[in-house]
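# Chain and residue survey
One letter stands for each residue in the lines below.
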Amino acid sequence: MKTTKILIGICFALLLALSLVTLRQKEALLILNWGEYINDEVVERFEKEYNINVVISLADSNELFYSKIKSGTTAYDLVIPSEYMVQRMFESGMLQPIQKEKLSNYHEDMFLPGVNGIIESMSAVFPEYADYQIPYFWGTFGLMYNKRKTGLEEIIKEKGWEAFFNEAELPTGTEVGMYNVPRFAYAAAMFYNHLSPNAIPNEENIAIAQRTLSMRKFNEWGTDTLKKNIQKGDLDLAFVYTGDFLDMLYQEINDEVNPKDISDIAYDIYIPDETIAFMDSFVIPKNARHVDLAHAFINFFLDPQNAYENASVVGYCTPLVESYNMILAGKNSDDKYLQNWALAIEKYYPLPDETWEKPYKGTPLTNFDVNSLTKITNMVNNVKTRS
Amino acid sequence: MNKYFKKLAIPYFVWLYVLAIIPFVIMVILSFVNNEGLDFSKAIFTLDNFGYLTTSSTVIAFMNSLFYAVIATLTCIVIGYMVAYAIFRSHFKNKFLVMTILILPMWSNMLLRIEALKNIMEPHNIITDILSKLGIHVSLDIAGTPLAVIIGLISTYIPFMILSIYTALEKIDYSLEEAALDLGLTETKKFWKVIFPLSTKGIVSGSIMVFLPCMSGFAIPEILGQGNILLIGNVIDQHFRNMNYNLGSLLAVVILIIILGAIFLVSKFDKEGETLL
Amino acid sequence: MIKQYPGYEQYEVANIEDYGYKEHRLTKKIFKVFRAIVIIFAVFLMYIPIFTIFLQSINSSTITSEFGQITFKWYANIFDKGSLLTAIRNTVFISIWATLISTVLGTLFAIGISTLERKAKRHIMLLNNIPLLNADIVSGIGLMLIFSSLIHIFPYFFGWRTMLLAHIFFTLPYVVLSVLPKLRELDPNLFEASLDLGVKPYPSLYKVIIPAIKAGIFSGMILAFTMSFDDFVISYYTTGNGFDNLSIWIYSSMGRKSLSPSVYAFSTLVTILFFILLIITNLLRGRKQYHENH
């Protein structure tokens, strides 16, 4: 009996210790971010420098970001939504302006022309855009394809969206995936019909989109799983972020055991002219508890060296001119990995030249209201459940 | 004992009302309005949400949920009964131990198990990789199909069925079996006339424990169906992600009513409230 | 075959049909084979996921579809990955406290329920079954809705507090359902006897009733812990402010690079741990019986 009592006593003591540790955590900076969208080592350096815990919660769609903040269940200090979601959050009164005075690393002309271009075009519909966000990563969407599938590469480069939606155009047995965010699926359907992805989802457009999306059965509706499956070879073609493709590429050129050259990678991406351009930015919600620390965090990532390291694990394009140039400088280094990285960035995120109409490729999305979103979601559900 | 401890039950009444009934009321209210989240300041009373119930995707999602749940439950009953009965009839010294080892997988995280299953169901995975190194080339490509979802549902919930049936079998008085044998029944007849009827409670409670999560879960169809297969749980989750609490609540209320109906039926069938454990 | 005994040739070997039964030997054999296949399939189906998890935990490659070499570094790594460790800690914290609280409360509630009259008892048992049978997602949403309405008073209410309440909510019915049958089997005179001997009601409860229903309390506790430790949907909807439990962590990281194999290592360890605990409790029980019988 005595031994049991001692055992119970020990267990209880352990429980109390555990409880104290769990509950008395250091004040934490709460960030809501996309998955695999930040370099944990850079975050750790920030934690050490400012002596604060950073807790990063994940979500995989802008709509989920919105509902997490709107529901108020968590007081996030920083969120990283896409441009159209920044607009929506602002219109719902959920954001506070970013005080540029607190950002010592901020200066005019620090961003790439493409970024400035997007800010300009967003500001046309949403004048306060520049004051409420700081760019984090930007890029485009594209059609990622599996080079191992014979004939696929040529068809995609030649026909783009036509091939994506028309099963007959593709080599037999091509497995195709669509991004599981109704908004993007709608945009893809609009592109196929040469319409703007921001066309209001009235009855006519919804019908067009539903018809387009029903033209073929998609083997997978996913988010991060699409890029992984193409890498494995379980999927052949998918509409994904360009950064998704580069994520996988970085993994392979950076592999400890067997680093590859970009010419050896078994998959590639084709970026059509009609595609989505996006920019994800830092915003600070109104009920953030650590506003100064949030600014410090943003500032930390505006430092070109930190942004450079961040960009080494995130496949999206850094917005800073200096960091971009640092990456390109890798071409001259002896390190294979740095060379490959520079080549990749140059190829997939090229600087604009005179032939370009605007300094960036693709169309940024604008905000739709809840009813429109519900209609689009319904339409996608109808597509998925049709027999 | 009565007079001293009756009061102990009162806090539980309160607790259940607050946390089970009041949310139900809130959800019913939400079904009838059109507002954003829980912000009722601009709420408008409307019946639009009900119109949504008849859209094809909702109806199909419901049908799918029922279909998958029924198939999974029936398969679990057949397979589960065989397993439970085999252990019950076996000559292991410690049958309970054997059975618990059998359902040990139940104790590892469900999401990890589902993800592992999904990996196996794709052509390129760790097992095919190892096997191919040994020279054996097999591969499955069933991820994303209804079969995958059903296999996933069975794999996850069959331990409940086995446990439930085994418990019921254990409770059968052995003298009843002896009597049946004495009266001249063969083993098979004895099973169908004596043992099986007495174990029905186990089958019913096992079925409930399998059917309900299958019908309303969303993680398994989402992961194993690769986004293609929509069950009603997925649809509800989608709506809550999109901040459309109204539609989500409406669907949740419908499910709740179906479940309450099932509970009511069960309580009529078993007056002592013993069915569940 | 029938044994050969002297003089057997003189007698006809009887068939089963002669006794009025049907010949089913062949069907029985086929059925036995079929049953064996089914059982093997069932065991295979249940074990293949955890076997795969085990393989992943010793896989040196982070690409889940390739097997590199055998390595145990992920086991050592469990304590390095900050967010995983926090998630594990949070899960253990919530599960243990929720189990303890709901075991105590559940037992008391069950005792109260057992004393009610028929109508009231049916009423509360119906309510009790709701958290059990209700779809996870409906419970989760319901709890989230009602906790949200409290946000105006406690702005940072969501987090470990709400998750703990939610876990207590869905584990209480399991405890109640485990304890009630044992209460029913209890000899009603025990309590009266204790009172007669001069012990007051509540101490009697503690000294007489509780030990008698120990088995029910224990099985309720195990059941509660199991359901709480593995919970995903309800925790997903009732958490906030960065407090993630293991299942939520896995769900958010699934399919991403950040699903480090350390989580597979952790899961394998937990499975092995449970297995060992099972064996130990059984050995102990065996030894206790041995002592009792001698």
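What you see is a predicted model, and the numbers here were worked out from it, not measured in a lab. (Residues numbered from 1 in each chain as written. Chains lettered and ligands numbered in written order. Predicted model: local features only at pLDDT ≥ 70, side-chain atom pairs only at ≥ 80, totals over all residues.)

With that settled, consider the overall build of chain C. Counting its secondary structure elements, chain C contains twelve helices and zero strands. Shown N-terminal to C-terminal, the secondary structure of chain C runs as helices and strands in the order α-α-α-α-α-α-α-α-α-α-α-α. The globule rule puts the C-alpha radius of gyration for 294 residues at 19 Å, and the 27 Å found for chain C is more than 25% above it. Projected onto the principal axes, the alpha-carbon positions of chain C cover approximately 95 × 70 × 45 Å. Taking all 294 residues of chain C together, the buried fraction comes to 44%. (Helix = DSSP H or I, 4+ residues; strand = E, 2+ residues; numbered from the N terminus. Rg over C-alpha atoms; globule rule 2.2 N^0.38 Å. Buried ≥ 20, exposed ≤ 12 C-beta atoms within 10 Å, placed from the backbone.)

The subject of this paragraph is the overall build of chain A. The number of helices and strands found in chain A is 17 helices and twelve strands. Expected size for 387 residues packed as a compact globule is a radius of gyration near 21 Å; at 23 Å, chain A falls within 12% of this value. Seen through its C-alpha atoms, chain A measures out along the principal axes to roughly 75 × 55 × 50 Å. Expressed as a percentage of its 387 residues, the buried residues of chain A come to 51%.

Moving on: the packing of helix H1 (residues 25-57) of chain C against helix H12 (residues 262-293) of chain C. Residues and elements named next belong to chain C. H12 packs onto H1 with a crossing angle of 125° between their chain directions and a minimal axis gap of 8 Å. As far as their axial angle goes, H12 and H1 are oblique. Remark: the crossing between H1 and H12 carries left-handed chirality. Contacts between H1 and H12 involve Ile50, Ile53, Phe54, Gln56 and Ser57 from the first element and Tyr264, Ala265, Ser267, Thr268 and Thr271 from the second. (Axes fitted to C-alpha atoms, helices over the stretch in contact; angles between N-to-C directions. Parallel < 35°, antiparallel > 145°, perpendicular 65-115°, else oblique. Left-handed = near helix turned anticlockwise from the far one by under 90°. Contact = placed C-beta atoms within 7 Å.)

Contact residues are listed per partner, giving 22 residues for chain B and 23 residues for chain A. When residues of the side of chain B that touches chain A are traced back to their parent elements, those giving at least two are helix H4 (56-89) and helix H13 (232-241) of chain B. Classifying every residue of the side of chain B that touches chain A gives seven nonpolar, twelve polar and three charged. (Nonpolar A, V, L, I, M, F, W, Y, C, P; charged D, E, K, R; others polar.)

For the rest of this paragraph, the subject is the interface of chain C and chain B. Each partner contributes to the interface: chain C provides 74 residues, whereas chain B provides 75 residues. At the level of secondary structure, the elements contributing two or more residues to the side of chain C that touches chain B comprise H1, helix H3 (82-114), helix H4 (118-133), helix H5 (136-148), helix H6 (160-185), helix H11 (246-253) and H12 of chain C. Element by element, the count of residues in the side of chain C that touches chain B is highest for H1 of chain C, at 15 residues. Within the side of chain C that touches chain B, the residues separate by chemical class into 50 nonpolar, 20 polar and four charged.

What follows concerns the pairing of strand E5 (residues 134-146) of chain A. Residue and element names in this part refer to chain A. Burial analysis of E5 places 13 of its 13 residues in the buried class, which makes it a mostly covered element. Bridge count for E5 against strand E10 (residues 276-282) is six bridges, and the pairing is antiparallel. Bridge pairing in E10 places Gly139 opposite Phe278. When E5 meets strand E8 (residues 237-241), the two strands line up antiparallel, connected through five bridges. Of the residues in E8, the one forming a bridge with Tyr145 is Leu237. (Pairing = 2+ DSSP bridges.)

As a further point, take the domain arrangement of chain A. Residues and elements named next belong to chain A. Segmenting chain A into domains produces domain 1 (11-138 + 279-334) and domain 2 (139-276 + 363-385). Between domain 1 and domain 2, the residue contacts involve 21 residues of the former and 16 residues of the latter. Of all the secondary structure elements, the ones that give two or more residues to the side of domain 1 that touches domain 2 are helix H4 (83-91), helix H5 (113-125) and E5. When residues of the side of domain 1 that touches domain 2 are assigned to their parent elements, the largest contribution, five residues, is made by H4. Classifying every residue of the side of domain 1 that touches domain 2 by side-chain character gives ten nonpolar, five polar and six charged. (Domains from an automatic or database assignment.)

Take the environment of Ile58 of chain C next. Residues and elements named next belong to chain C. Among the structural elements, Ile58 can be located in the loop between H1 and helix H2 (73-77). On the basis of neighbour count, Ile58 is assigned to the partly exposed category, with 19 C-beta atoms found within 10 Å. C-alpha of Ile58 to C-alpha of Ile70: the two residues are twelve residues apart in sequence and 5.3 Å apart in space.

Let us now look at the domain arrangement of chain C. Many structure descriptions define interface size as the accessible area lost when the parts assemble. All names here are of chain C. Splitting chain C by domain gives domain 1 (23-81 + 264-289) and domain 2 (82-259). The C-alpha centroid of domain 2 is placed 28 Å from the C-alpha centroid of domain 1. Contact residues are listed per partner, giving four residues for domain 1 and five residues for domain 2. Residue composition of the side of domain 1 that touches domain 2, grouped by class: three nonpolar, no polar and one charged.

To continue, consider helix H14 (residues 304-313) of chain A. The α-helix advances 3.6 residues per turn, and as a result positions three or four apart in sequence lie on the same side. Buried within H14 of chain A we find Asn306, Ala307, Tyr308, Asn310 and Ala311 of chain A. If you follow the buried residues of H14 of chain A, they end up packed against helix H2 (40-50), helix H13 (291-302) and helix H15 (321-328) of chain A.

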